[in-house]
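Here is what each chain is made of, one letter per residue.
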Amino acid sequence: MMELALASGIGVLTAAGVYLLLRARTFDVILGLTLLSYATNLLIFSAGRLAVGKPPVLRPELAENLQNHTDPLPQALVLTAIVIAFAMTAVTIVVAMRSRSDNRSDHVDARKPGCDA
Amino acid sequence: MNHLPVLPILIPMLAGALILLLERRGIIVQRIVAWTSILALLVVAGLLVDRAGEGGLSVYLIGDWPARLGIALLVDRVAALMVMTTSLLAVASLLYACANWDRRALHFHALFQLQLAGLNGAFLTGDLFNLFVFFEVLLIASYGLMLSGGRSLRMRAGLHYVVFNIMASTLFLIALGLLYGLTGTLNMAEMAARVAADPADQAIIRSASAILLIVFCSKAALLPLYLWLPETYSRTPAAVVALFTVMTKLGVYAVLRVYTLVFAAGAGESASWVWPWLLGAGVITLVLASLGVLAGRTLRGTVAYLVIASAATLFIAISMHTGASIGAGLYYLAHSTFVTAALYLIVDLVRRQRGALADRLAASAPMPQRTLLGLLFLIGAVSVAGLPPLSGFIGKLALLGSVPADQVWWIWATILITSLMTVVALSRVGSQIFWRGQNDPVDPATTRPTAPRRLEVAAAIMLLGFGIVLTVAAAPILDYTAAAGAQILATDEYLDQVRATLPLLRAPSP
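Residues numbered from 1 in each chain as written. Chains lettered and ligands numbered in written order. Predicted model: local features only at pLDDT ≥ 70, side-chain atom pairs only at ≥ 80, totals over all residues.

Colleague: What should I look at first to understand the overall build of chain A in this one?
Modeller: Each helix and strand in chain A was counted, giving three helices and zero strands. Rg of the C-alpha trace for chain A: 20 Å, well past the compact-globule value of 13 Å for 117 residues, more than 25% over. Expressed along its principal axes, the backbone C-alpha trace of chain A runs to roughly 65 × 25 × 15 Å. Among the 117 residues that make up chain A, the fraction classed as buried is 26%. (Helix = DSSP H or I, 4+ residues; strand = E, 2+ residues; numbered from the N terminus. Rg over C-alpha atoms; globule rule 2.2 N^0.38 Å. Buried ≥ 20, exposed ≤ 12 C-beta atoms within 10 Å, placed from the backbone.)

Here it is in structure tokens:
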């Protein structure tokens, strides 16, 4: 059940992200990228298999195997991915705002308002 | 312990941080730090090539963790050659920028060093997630370099570039998540062993690695994914785009590294599945890019298609997948990086002499610096088209010589016909810019263009000079690249070496 919920969550986020990414306004595109990065983070997290209530660090009273612990590496990878995605969203917002003020349009192709699709 | 392999990453990273701290002290201090860093980088690259040339493979464990747990750097002949090419290219780009551009672009020197750190890291790493991190480092620096001081149209091209690359990075992460879930490791050599040992999941491993392939091919501008390149590169400042020419080669390098190592001959069903696809895509891209060169309406657009064509030629070389063809491809890689960078610099100099006409391909009144720029353009064009006697000819000759007999007819035909198309296109460009319109009245807008600065011309000459060195020293360099091609195919050695390298200070964990 947990797998189904997580997989559906990833699927819905990806679908929404792709839809927004294909729209013509930079704001929608940035939101789409954000949703896609959430979906990716969940996917990487699930690469370590889903387990409830197991610690990612070794504990002396438990045998050192994956029956008693969760895989810590995907969690570290997700942390890196989250940081990079945040930074990239910030960069995109700055570029989009600058493009909007220079080109007087937040269309991704920077067309003048009124003649865009 | 020998820390040489990590220096090409550490030196520019420290220099970049130092430059940020010293930015208030003026441009001279920044230039001193930048040049010190880059000269140190050249020395280190020379040592790496020297050491790799002896045939050894060195593995460096970052933080002294064993390779299967931590991050390993991997230095072989190919990686050393790429670091050397990048350092040489960076010298010329920095020289060009120091003429004037670095005063106008905010944080230029710091970003430039970080970009170098990212490039070198991506060439040296032996770990897939680390490859992602260094891709991000160099991409973030490249956004800054491209957009610093930019306005309107450059911002639009920049937005496309940024969004496209974030998409590619997202796909990269998806592929990594799947591959880690399937194989339980991110070290490339370890992953190769686990792919070979896991016949049940071959199909899904192949699908995950296909996602990864899309990412690398979008960086390398292969067939359906090259549309971003002409516009982006045309809007990027010349000193920066000269360094960017190595970024498409990074995509090719990543494909070569990952798919040779992970899907080696021993990988069962998935062995070498990728190469027939890449060969076809490379041939079609080469034809389309050459048509793009023929159809170019601006100078920078024409050079952008030359960059795509050179990456496509490299894909053809690596996907024939013999030691000889990879070796020829590596020689061609160094040659094409230098010559396309040189053409970008020359075209920028020409563009500034033409006033309002800029880089559109149309006859104009005579340029003041016609002889010098015309001569530089001629050398660059001869070299990039593959006419004798320059390095392009030797590269293409070695490549044609390495084609397996059963594929000769169509690969020879493609490469020779596209070379002819390039020659035709570049002759047209050259005659239109340098010869036509000599009797036209001088346009008042272009009467007093500033002469190119000496440093800028020197940078262009330096890049063409690298090509001439490649021509004169062709025999030893071809020996080196052929040995590199043979080395990268001997994948068992990589796994042995990665496993044999043990932490020095830390007791091995269970």
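Colleague: Even after reading the chapter, I still don't get the overall build of chain B, so can you show me in this structure?
Modeller: Check the secondary structure of chain B and you find 20 helices and two strands. Here chain B has a C-alpha radius of gyration of 22 Å; the compact-globule value for 510 residues is 24 Å, and the two agree. Its C-alpha atoms give chain B principal-axis dimensions of roughly 80 × 60 × 40 Å. Looking at chain B as a whole, 58% of its 510 residues qualify as buried. Excluding contacts between residues fewer than 6 apart, the proportion of contacts in chain B whose partners are at least 24 apart in sequence is 80%. (Contact = placed C-beta atoms within 7 Å.)

Colleague: So what exactly am I meant to see when it comes to the interface of chain A and chain B here?
Modeller: In many reports, interface size means the accessible area that the parts give up when they come together. Each partner contributes to the interface: chain A provides 27 residues, whereas chain B provides 21 residues. At the level of secondary structure, the elements contributing two or more residues to the side of chain A that touches chain B comprise α2 (26-46) and α3 (72-103) of chain A. Sort the elements by how many residues they give to the side of chain A that touches chain B and α3 of chain A lands first, with 14 residues. A breakdown of the residues in the side of chain A that touches chain B according to their chemical character gives 16 nonpolar, seven polar and four charged. (Nonpolar A, V, L, I, M, F, W, Y, C, P; charged D, E, K, R; others polar.)

Colleague: I tried to follow the packing of helix α12 (residues 275-295) of chain B against helix α17 (residues 408-435) of chain B on my own but got confused; where do I start?
Modeller: Angle between the axes and distance between the axes: these two values describe a pair of packed helices. Residue and element names in this part refer to chain B. In the contact formed by α12 and α17, the axes pass within 8 Å of each other and the chain directions differ by 15°. As summarised for this structure, α12 and α17 are arranged roughly parallel, according to the angle between their axes. Judged by the sense of rotation from one axis to the other, the crossing of α12 with α17 is left-handed. Residues Val-283, Leu-286, Val-287, Ser-290, Val-293 and Leu-294 of α12 pack against Thr-414, Thr-418, Met-421, Thr-422, Val-424 and Ala-425 of α17. In terms of residue class, the contact of α12 with α17 is made up of eight nonpolar, four polar and no charged. (Axes fitted to C-alpha atoms, helices over the stretch in contact; angles between N-to-C directions. Parallel < 35°, antiparallel > 145°, perpendicular 65-115°, else oblique. Left-handed = near helix turned anticlockwise from the far one by under 90°.)

Colleague: What is the right way to read unusual backbone geometry from this model?
Modeller: The phi angle of most residues is negative, glycine excepted, and most peptide bonds adopt the trans form. All names here are of chain B. Here the residue pair Pro-388 and Pro-389 is connected by a cis peptide bond, since its omega of 10° sits within 30 degrees of zero. Counting through the fold element by element, Pro-389 comes out in the loop between α15 (370-385) and α16 (391-401). The backbone of Ala-221 sits at a positive phi, close to 60°, despite the residue not being glycine. Counting through the fold element by element, Ala-221 comes out in the loop between α9 (202-219) and α10 (228-235). Despite not being glycine, His-321 shows a phi value in the positive range, around 60°.

Colleague: How should the confidence of the model for chain B be read in this particular structure?
Modeller: Fine structural detail should not be taken from predicted coordinates in areas where pLDDT scores are low. For chain B, mean pLDDT is 88; residues scoring 70 or higher make up 95% of the total. With pTM at 0.92, the complex prediction returns an ipTM value of 0.91. (pLDDT = per-residue confidence, 0-100.)

Colleague: Hey, could you run me through the environment of Gly-395 of chain B in this one?
Modeller: Residue and element names in this part refer to chain B. Following the sequence through the fold, Gly-395 ends up in helix α16. A C-alpha to C-alpha distance of 35 Å links Gly-395 and Leu-61, two positions 334 residues apart in sequence. Dropping the residues within four chain positions of it, Gly-395 is found in contact with Ala-328, Tyr-331, Tyr-332 and His-335.

Colleague: Would you mind showing me how to read the nonpolar core here?
Modeller: Taken as a class, soluble globular proteins show a tendency for nonpolar side chains to be buried jointly. Core analysis: the biggest nonpolar cluster contains 215 residues, and Ala-242, Ile-308, Leu-345 and Ile-346 of chain B have the highest contact counts within it. Apart from the residues within four sequence positions on either side, Leu-345 of chain B is in contact with Tyr-96, Ala-238, Ala-242, Glu-456, Ala-459, Ala-460 and Leu-463 of chain B. (Core = buried A, V, L, I, M, F, W, Y, C linked by C-beta atoms within 7 Å.)

Colleague: What exactly am I supposed to notice about the pairing of strand β2 (residues 71-75) of chain B here?
Modeller: Sheet faces and side chains relate simply in a regular strand, where the side chains alternate between the two faces. All names here are of chain B. Counting buried positions over the five residues of β2 gives four, a clear majority of the element. Bridge count between strand β1 (residues 58-62) and β2: five bridges; the pairing is antiparallel. Following the sheet pairing, Val-59 is matched in β2 by Leu-74. (Pairing = 2+ DSSP bridges.)

Colleague: How do you make sense of the environment of Leu-4 of chain B when you look at a structure like this?
Modeller: Residue and element names in this part refer to chain B. Checked against the element boundaries, Leu-4 lands in the segment before α1 (7-22). Of the residues examined, Leu-4 has 15 C-beta atoms within 10 Å and is grouped as partly exposed. Taking the C-alpha atoms as reference, Leu-4 lies 30 Å from His-321; in sequence the two are 317 residues apart. Among all residues touching Leu-4, those that are not within four sequence positions of it are Val-44, Leu-47 and Leu-48.

Colleague: Just to check I follow, could you spell out helix α5 (residues 108-124) of chain B for this structure?
Modeller: Owing to its 3.6 residues per turn, the α-helix aligns residues three or four sequence positions apart on the same side. The end-to-end C-alpha distance of α5 of chain B, which contains 17 residues, comes to 24 Å, matching closely the 24 Å that a straight helix rising 1.5 Å per residue would cover. Burial of α5 of chain B is extensive: 17 of the 17 residues sit out of reach of the surface. (Expected span 1.5 Å × (residues − 1).)

Colleague: Please explain the packing of α1 of chain B against helix α2 (residues 27-53) of chain B as it appears in this structure.
Modeller: Residues and elements named next belong to chain B. Where α1 contacts α2, the two axes come as close as 10 Å, and the packing angle between them is 175°. With respect to their mutual orientation, α1 and α2 come out roughly antiparallel. Taken together, the residues of α2 that come into contact with α1 (itself represented by Leu-7, Pro-8, Ile-11, Pro-12, Ala-15, Leu-18, Ile-19 and Leu-22) are Val-29, Gln-30, Val-33, Ala-34, Ser-37, Ala-40, Leu-41, Val-44 and Ala-45. Grouping the amino acids of the contact of α1 with α2 by side-chain chemistry returns 15 nonpolar, two polar and no charged.

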